[in-house]
Amino acid sequence: MSLTPEQVRWVAHLARLELDDAEVQEMARQLSRVVEYVDQLGRVNTDGVEPLAHPLPVHNVFRADEPAPCLPVDAVLANAPDRQGDFYGVPAVLD
Amino acid sequence: MTDLSAAELLALLSRGETTAEAVTAAYLDAIRRREPLVRAFLSVDEAGALEQARSLDARRKKGEPLGPLAGVPVAVKDNLCTQGQRTTCASRILANFVPPYDAHVVTRLRQADAVLIGKTNLDEFAMGSSTENSAFQVTRNPWDRERIPGGSSGGSAAAVAAGLVPLALGSDTGGSVRQPAGLCGVVGLKPTYGRVSRWGLIAFGSSLDQVGTLSRDVADAALLLEVIAGHDPRDSTSVDQPVPAYRQTLEQPVAPLTVGVAREHFGEGLDPEVERAVREAIRVLQGLGATVREVSLPHSPFAVAAYYVVATAEASSNLARYDGVHYGRRAKDYDGLIDLYQKSRGEGFGKEVQRRVMLGTYALSSGYKDAYYLKAMQVRRLIKDDFDRAFAGCDVIAGPTSPTAAFRVGERSADPLAMYLSDVYTIGCNLAGLCGVSVPCGFTKAGLPVGLQLLAPPFAEDKLLRVARMHERATDWHRRRPAL
C-alpha cells in the first residue's frame, strides 16, 4: 500500500513533526516503498497465532514499595530549555 | 601497546610492567594520530581519563584491591548515559544533553576500574546500519576509509578496529553491535535480551534493545560481559539469573558440538566472497569435530518486515519524550504548545529518525494497528518458534553476519530500504531474544573483513563464546590490523 501526501501530513501531525511540502513529498515516496515491503507480512498465515510483544516470559515484576532518594531538582532541571523556578516553562495552553 | 588485547594489558599491569597512566597515554596518543582519519569519537575525555589512570596507579601502589578492568581504556557508545558528560545520541535534539546519572553499564565499568576514555559515534538514536545518520560526523571504516564502518555502533567498532581503544560498549536493536563488528573485523557480542540492564541506555526499541560489547578477541568479550551482565532492579526486564564466569570455561571446546546452518541465511543478495569465507569458517568448526546439520528458519524472510514495524512502533512511542520541554533542544520561534513540539522535533530529528517515527506512528494509528503492529507481533512469534525448533537440534546456528562487506559512504543513503536489508541476518536474534556474536572469519579480495555470526538460545552465552573461541583458536583473522 502506498501513502498519499495527505496521509503523510496526518501521520506527521500525530507524531508532532513539522514537515515542509518538499519533505512531505519525499516522505510519501520513501515510506510508500517501505510500507509496500512490509505488506509482505500479509502473506504469512497467522491464524490463531498469539502475538509476541516481548521475548522474555516475564509478566509482572514487583518490587518493595520503599522510599528511596531521587535525583536533586537542580540536576534534573539543568537540561530544561526553559526553567522557571522549579518548573518547566511552556507557552500558555489555555487562553 | 595499542595492539594488545585487554587481557594482555591487564597481565602487564598486574605484573607491574606498565602503569594505567602509560596505557591511557598510549591510547590517547593513538587517538591523536589516527582519530582524524576514522572519526570514531564524538568526545574524548583526555583529562578525566588520565586523572582516573593516575588515581588507579596510586591505589595499586598502596596495594588496594582493584576491579577486573583496572587500567583498561574503554569507549562507550554515545547513547549510554554518562553522568556529567554530554550524551548526544548523535542527534541535534540532544546535542547539549548532560545526563544527571550514569547508565547501569557505565556504573559497572566505573566499579570495575575501567578508564572511560570517550563517547563514540552512532547513527542518530541508533537508527541505521552505517553510522552515516549521525548528525555530527561520518565515521570511516579503518580498513578502507571510503567505506562505512557499519552501524549503528560504528564508532565503537571502528575505534576498536583502529586500535584507539581495546574495548567498547555498543547497543544492538537489530544488529547494531554485530553488523559493525563484522564490517570492521572485530568481535561484537549481543547478549540475550535481559542479560544486561538497559537502565540509562537511551531507548529505541525497548523489547529489542540490548547493550553489547566490541573487542579484538573472544576472551575480551567474555571479560567485558562478566563486568556488565547481571540483574538490576531499575530495569524490570533484566533477568535475575546468576552470571556465569564466562572466562573460566572459555577454553573448553564444546563436544559434541552440533552447528546448525540455515538455508535462509545463504539466499539471494549474499555476496559470493562473503559466502565463501563463512562456508570456510563452518568447515573449520567441522574440522574441530562439529557435526554440521541443516536447520530451517522458514519465517526468516519476513524478519526485516516484522522488525521495521515492531522497532519503529516502539521508537515512535519512546521518542515522544523529546518534546522541547523537559530536556533537549527547543525551537526558537513557535506559536503555542503544539507548534513548539512540532518545530522542536522537526528541527531536532534527522531524516532517518523522522522516517522511523512516522512509520511507527502509522503502524500504530487507528485503522492500521491490526494490519501492521498486531500482524508483525504474530510473525515475531513464528520467527521465535522457528528458532526454538532449530535449537532443539543444534547448539549454535552459524551464518554470515551481513550479506556484503562494508559498502561505500553514500552508497545506500538515498535508499532506506536497501539500508534496512543490510540487517537481514542479524534481526531475527533480537526479535527472538537470543544471544549472538560476530567474529572475524576472512577478508574479501579488496581487503574488507567478513564476519561469521553465531547465534545461541537465550542465556547460552557461555556456549556461544566457547564455540566462537574454538573458531578463533583455529584461525588468525582476529590478529589482522588495518594499515592506518
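Here, residues in each chain are numbered from 1, in the same order as that chain's written sequence. In the order they appear in the text, chains get letters beginning with A and ligands get numbers beginning with 1. Residues qualify for local features only when their pLDDT is at least 70, as the model is predicted, and side-chain atom pairs are given and counted only at 80 or more; totals for whole chains, interfaces and linings, by contrast, use all residues. In computing side-chain values, all of the structure's heavy atoms are included and hydrogens and water are not.

Trainee: Quick question: what am I supposed to make of the environment of Gly174 of chain B here?
Mentor: Residue and element names in this part refer to chain B. Examined against the element boundaries, Gly174 turns out to sit in the loop between strand 4 (167-171) and helix 6 (178-184). Throughout, exposure labels follow a simple rule: accessible area from a 1.4 Å probe, protein chains only, divided by the maximum for the residue type, with under 20% read as buried, over 50% as exposed, and the rest as partly exposed. On the accessibility criterion, Gly174 (4% relative accessible area) is buried. Each C-alpha atom of the pair Gly174 and Gln210 lies 9.5 Å from the other, and the pair is 36 residues apart in sequence. Residues count as neighbours in contact if any of their non-hydrogen atoms are within 4.5 Å of one another. Contact partners of Gly174, with chain neighbours within four places excluded, come to Tyr307, Asp423, Thr426, Ile427 and Asn430. The helix count covers DSSP runs of H or I at least four residues long, the strand count covers runs of E at least two residues long, and both are numbered beginning at the N terminus.

Trainee: Looking at this structure, I do not really get a nonpolar patch on the surface. What am I missing?
Mentor: Where nonpolar side chains cluster on the molecular surface, the patch consists of Val90, Val93 and Leu94 of chain A and spans about 320 Å² of accessible area. Relative accessible area serves as the criterion here: at 73%, Leu94 of chain A is assigned to the exposed category. Only residues above 30% relative accessible area that lack a salt bridge enter a patch, with like-charged residues linked at up to 9 Å and the nonpolar side chains Val, Leu, Ile, Met, Phe, Trp and Tyr linked at up to 5 Å. To be clear on the numbers: accessible area is Shrake-Rupley with a 1.4 Å probe, and residue cover counts the displayed protein chains and nothing else. We define a salt bridge as a side-chain nitrogen of Lys or Arg found within 4 Å of a carboxyl oxygen belonging to Asp or Glu.

Trainee: Where do I start with the environment of Ala456 of chain B in this structure?
Mentor: Residue and element names in this part refer to chain B. Turning to its location among the elements, Ala456 is positioned in strand 11 (residues 449-456). Classification of Ala456 by relative accessible area gives buried; the value is 0%. A C-alpha to C-alpha distance of 29 Å links Ala456 and Leu10, two positions 446 residues apart in sequence.

Trainee: Even after reading the chapter, I still don't get the side chain of Thr120 of chain B, so can you show me in this structure?
Mentor: All names here are of chain B. Residue placement: Thr120 occurs in strand 3 (residues 115-120). In this structure Thr120 comes out as buried when scored by relative accessible area, which is 0%. There is a polar contact of 3.4 Å between the side chain of Thr120 and the backbone nitrogen of Lys77. In the analysis that follows, any N or O atom pair within 3.5 Å is treated as a polar contact, provided that within protein one partner can donate a hydrogen and the other can accept it, and provided that, for residues neighboring in sequence, both atoms belong to side chains.

Trainee: How should I be thinking about the confidence of the model for chain B in this particular structure?
Mentor: Detailed reading of the predicted model is not advised wherever pLDDT is low. For chain B, per-residue confidence averages 97 on the pLDDT scale, and 100% of positions sit at 70 or higher. Here the complex is predicted with pTM 0.97, and the ipTM for its interfaces comes to 0.95. The quantity called pLDDT is the predictor's confidence in a given residue, expressed from 0 to 100.

Trainee: Honestly, the interface of chain B and chain A in this entry has me stumped. Any pointers?
Mentor: How big an interface is tends to be stated in terms of the accessible area lost upon association of its parts. The interface is formed by 68 residues belonging to chain B together with 51 residues belonging to chain A. The contact between chain B and chain A buries some 5,300 Å² in all, and 69% of this surface belongs to carbon and sulfur atoms. Along the contact surface separating chain B from chain A lie four salt bridges. The closest approach of N and O atoms between Glu26 of chain A and Lys351 of chain B, which form a salt bridge, is 3.7 Å. At the junction of chain B with chain A, the criterion picks out 19 residue pairs in polar contact (both at pLDDT 80 or more). For the side of chain B that touches chain A, the secondary-structure elements that each account for two or more residues are helix 10 (303-318), helix 11 (337-348), helix 12 (351-364), helix 13 (369-391), helix 14 (416-420) and helix 15 (427-432) of chain B. The biggest single contributor to the side of chain B that touches chain A is helix 13 of chain B, with eleven residues. Gly is put with the polar residues, along with every residue not named as nonpolar or charged; the nonpolar set is Ala, Val, Leu, Ile, Met, Phe, Trp, Tyr, Cys and Pro, and the charged set is Asp, Glu, Lys and Arg. Grouping the constituent residues of the side of chain B that touches chain A by class yields 39 nonpolar, 17 polar and twelve charged. Reported buried area values correspond to the accessible surface (1.4 Å probe) lost by two parts on association, with both partners' losses combined.

Trainee: I tried to follow the nonpolar core on my own but got confused; where do I start?
Mentor: Among buried residues, the Ala, Val, Leu, Ile, Met, Phe, Trp, Tyr and Cys ones that are joined through side-chain atoms within 4.5 Å form a nonpolar core. Core analysis: the biggest nonpolar cluster contains 76 residues, and Leu41 of chain A together with Phe125, Met358 and Phe387 of chain B have the highest contact counts within it. Of all the secondary structure elements, the ones that give two or more residues to this core are helix 1 (5-14) and helix 2 (21-38) of chain A together with helix 10, helix 12, helix 13, helix 14 and helix 15 of chain B. Examining the composition of this core, we find that eleven residues originate from one element, helix 10 of chain B, more than from any other. Among residues more than four places away in sequence, those in contact with Leu41 of chain A are Phe302, Ala305, Ala306, Val309, Lys375, Ala376 and Val379 of chain B. Residues Leu80, Leu169, Leu452 and Leu454 of chain B belong to the second largest nonpolar core, which totals 62 residues.

Trainee: I tried to follow the packing of helix 7 (residues 218-228) of chain B against helix 16 (residues 461-473) of chain B on my own but got confused; where do I start?
Mentor: The description of two packed helices rests on the angle between their axes and on the distance between the axes. Residues and elements named next belong to chain B. Note on method: axes are straight lines fitted to C-alpha atoms, helices fitted across the in-contact stretch only, with angles between N-to-C directions ranging 0 to 180 degrees. Put simply, helix 7 and helix 16 touch, their axes get as near as 9 Å, and they point 160° apart. Relative to helix 16, helix 7 is oriented roughly antiparallel. Taken together, the residues of helix 16 that come into contact with helix 7 (itself represented by Val218, Ala221, Ala222 and Leu225) are Glu461, Leu465, Ala468, Arg469 and Glu472. The class makeup of the residues in the contact of helix 7 with helix 16 is six nonpolar, no polar and three charged. Should an angle fall under 35 degrees it is called roughly parallel, over 145 degrees roughly antiparallel, and 65 to 115 degrees roughly perpendicular, with every other angle called oblique.

Trainee: Where do I start with the sheet that holds strand 9 (residues 396-400) of chain B in this structure?
Mentor: Residues and elements named next belong to chain B. In space, the eleven strands of this open sheet follow the order 1-3-2-4-6-5-10-11-9-7-8, with mixed pairing throughout. With one partner strand each, in any of the chains shown, strand 1 (41-44) and strand 8 (291-295) form the two edges of the open sheet. Taken over all neighbouring pairs, the strand axes of this sheet differ in orientation by 25° on average, direction set aside. Where strand 5 (residues 187-190) meets strand 6 (residues 211-215), three bridges bridge the pair, whose relative direction is antiparallel. Pairing of Val187 across the sheet is with Ser215, part of strand 6. Taken strand by strand, helix 3 (residues 46-61) contacts strand 1 and strand 3, and its axis lies near 160° from that of strand 3. On top of the sheet, helix 7 reaches strand 4, strand 5, strand 6 and strand 10 (435-443); it is set at about 145° to strand 6, its chief contact. In this analysis, strands are considered paired if DSSP registers two or more bridges between them.

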